[in-house]
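# Structural characterization, general
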Amino acid sequence: MTADISIAVQAEGFDPGAEYNRLRRANFADGATAVFVGNVRDFSPTETGGHQQVSVLELEHYPGMAESALAAIARQAAERWPLGRVRVIHRFGPLRAGDEIVFVGVTSAHRQDALDACGFIMDFLKSRAPFWKKEVNKDGEQGTWVAARSSDEKALKKW
Amino acid sequence: MIRVLFFASLREQLGRDAIDWEAGQLADVSALRSALAGQDETWRKALSQPQLQVAVNQQLANLQCPVRDGDEVAFFPPVTGG
C-alpha cells in the first residue's frame, strides 16, 4: 500500500487541529497518529550561556527544492515504515513568537511506526531541507542567522 | 548558461541572489566555484567557507558533481529549518 503524502511550503499559518482532523478523516485502518508541531520561541541561547529576546524569526527557503526535499524525505519514511497518511507543512517569511513553523503528521496501524516515522522526518528535515532562520531582536536590527547545530547532523545517525 | 543561486547569509554577503555564468569548459561544481571566487575578494571570501553546501538542479550535491549548460546550481550555508 502506498502512503498518501501531502506537502505544503507556505507563508500562511495553519491550524494543527484541522490538520489532525484531516489525517483522521475516514481513516479506520490506522490506529496511531503521531504529530509534531514546531513553534517560534521568544528567546535564543547566546554564546555566553545567556538568553536573548527574539521578536521576529525570518524563514528563508529555496522555492521548488524545499518542496521536493520534503517530499523525498516523506517518501523515504513511507518506504521504511508502513504509513497511511503523511502531512508535512513548513512555513516561510516573517514569523512571531508562538507561531507554528512546521507540522509533521503521520498515521500508521501501530504506535511505534508512527512515532519513528515522525521523528525520522523531523530529523532529516532539519539537516536536509533548504530553509534558513534569521533572528531579529526587539531593536529591529538587521538580525542574526541561526547557526546549524552539529547535534542535528548527529541525530541522523540514529536512523 | 548556468543559473547560479545564493541563499541566506551567502546571498547577503554577495549582495545578490543569482548570477548567470557561462558554462564554457567548466567540468564540475568545484570548477564553477573557483571561477566565481576568482571575480574579486568578496566572492573569494564568501565562497571559501568550508561549510558551504551545494545543490545541482535542486538536489543536494558535492563539489565533484558535473555541471553543464542549462543547469541550476545553488550555494548556501548549512540549513536551519524546522
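Here the residue numbers are simple positions, counted from 1 along each chain's written sequence. The naming scheme follows written order: chains are lettered A onward, ligands numbered 1 onward. In keeping with the model being predicted, local features are shown solely for residues with a pLDDT of at least 70 and side-chain atom pairs are shown and tallied solely at 80 or more, while totals for entire chains, interfaces and linings include all residues. Hydrogen atoms and water are omitted, and side-chain values are computed over all heavy atoms in the structure.

What follows deals with the overall build of chain A. Secondary structure elements are defined from DSSP: runs of H or I of at least 4 residues count as helices, runs of E of at least 2 residues count as strands, and each element is numbered from the N terminus. Helix and strand content of chain A: four helices and ten strands. Listed N to C, the secondary structure of chain A is β-α-β-β-β-β-α-β-β-β-α-β-β-α in terms of helices and strands. Computation of the radius of gyration draws on C-alpha atoms, with the globule rule given as 2.2 Å multiplied by the number of residues to the power 0.38. Computed over its C-alpha atoms, the radius of gyration of chain A comes to 16 Å, within 12% of the 15 Å expected for a compact globule of 159 residues. Overall, chain A is about 50 × 30 × 30 Å in size when its C-alpha atoms are taken along their principal axes. We call two residues contacting when some pair of their heavy atoms lies within 4.5 Å. Relative to all contacts within chain A whose residues are 6 or more apart in sequence, the contacts with residues 24 or more apart total 76%. Computed with the Shrake-Rupley method and a 1.4 Å probe, the accessible areas treat only the protein chains shown as cover for residues. Carbon and sulfur atoms make up 50% of the accessible area of chain A, which amounts to about 8,200 Å² in all. Computed over 20 positive and 21 negative side-chain charges, the separation of the two mean positions in chain A equals 4 Å. Just so you know, the count uses Lys and Arg for positive and Asp and Glu for negative, and it drops His and the chain ends. The atoms used to mark charge sites are NZ of Lys, CZ of Arg, CG of Asp and CD of Glu.

For the rest of this paragraph, the subject is the sheet that holds strand S7 (residues 93-96) of chain A. Residue and element names in this part refer to chain A. Strand pairing is assigned whenever DSSP detects at least two bridges linking the two strands. The four strands are arranged S7-S5-S9-S10 in an open sheet whose pairing can be described as antiparallel. The strands lining the two open edges of the sheet, one partner per strand, are S7 and strand S10 (144-145). Examined bridge by bridge, strand S9 (residues 131-136) and S10 share two bridges and lie antiparallel to one another. Note that in S10 the partner of Lys134 across the bridge is Trp145.

Looking now at the interface of chain A and chain B. The interface is formed by 25 residues belonging to chain A together with 19 residues belonging to chain B. Between chain A and chain B, roughly 1,700 Å² of surface is buried when both sides are summed, and carbon and sulfur atoms account for 58% of that area. Salt bridges are defined as contacts in which a side-chain nitrogen from Lys or Arg sits within 4 Å of a carboxyl oxygen from Asp or Glu. Applying the counting rule to chain A against chain B returns two salt bridges. Under this definition, polar contacts are N or O atom pairs within 3.5 Å; protein pairs additionally need one hydrogen-donor-capable and one acceptor-capable atom, and for neighbouring residues in sequence, both atoms have to be side-chain atoms. On the surface where chain A and chain B come into contact, there are 13 residue pairs in polar contact (both at pLDDT 80 or more). Looking at the side of chain A that touches chain B, the elements with two or more residues in it are strand S5 (56-61), helix H2 (65-80), strand S8 (100-108), helix H3 (111-128) and S9 of chain A. In terms of residues, the side of chain A that touches chain B owes the most to one element, H3 of chain A, which gives five residues. Classifying every residue of the side of chain A that touches chain B by side-chain character gives 15 nonpolar, five polar and five charged. Using a 1.4 Å probe, buried area is obtained as the accessible area two parts lose upon being combined, added over both of them. Note that Gly is not counted as nonpolar here; it falls among the polar residues with everything else outside the nonpolar set of Ala, Val, Leu, Ile, Met, Phe, Trp, Tyr, Cys and Pro and the charged set of Asp, Glu, Lys and Arg.

The next thing to look at is the packing of aromatic side chains. By convention here, two paired aromatic rings are described through the distance between centres and the angle between planes. Between the rings of Phe, Tyr and Trp (Trp by its six-membered ring), a pair exists once the centres lie within 6.5 Å; its type follows the angle of the planes, with under 30 degrees stacked, over 60 edge-to-face, and the other angles tilted. Under the defined criterion, the tally for this structure stands at eleven aromatic pairs over all chains. Between Phe14 of chain A and Phe103 of chain A, the aromatic rings sit 6.0 Å apart at their centres with planes inclined by 75 degrees, giving edge-to-face as the arrangement. Remark: Phe103 of chain A occurs in strand S8 and Phe14 of chain A occurs in the loop between strand S1 (4-10) and helix H1 (16-24); sequence separation between them is 89 residues. For every residue, the accessible area (1.4 Å probe, protein chains only) is compared with the maximum for its type, and the residue is labelled buried under 20%, exposed over 50%, or partly exposed between those bounds. On the accessibility criterion, Phe14 of chain A (11% relative accessible area) is buried. Between Trp81 of chain A and Phe120 of chain A the ring centres are 5.2 Å apart and the planes differ by 70 degrees, which places this aromatic pair in the edge-to-face class. Taken together, the positions of Trp81 of chain A in the loop between H2 and strand S6 (83-91) and Phe120 of chain A in helix H3 put the pair 39 residues apart, joining distant regions of the chain. Following the ring pairs from residue to residue traces out a cluster consisting of Tyr62 and Trp132 of chain A together with Phe7 and Phe76 of chain B.

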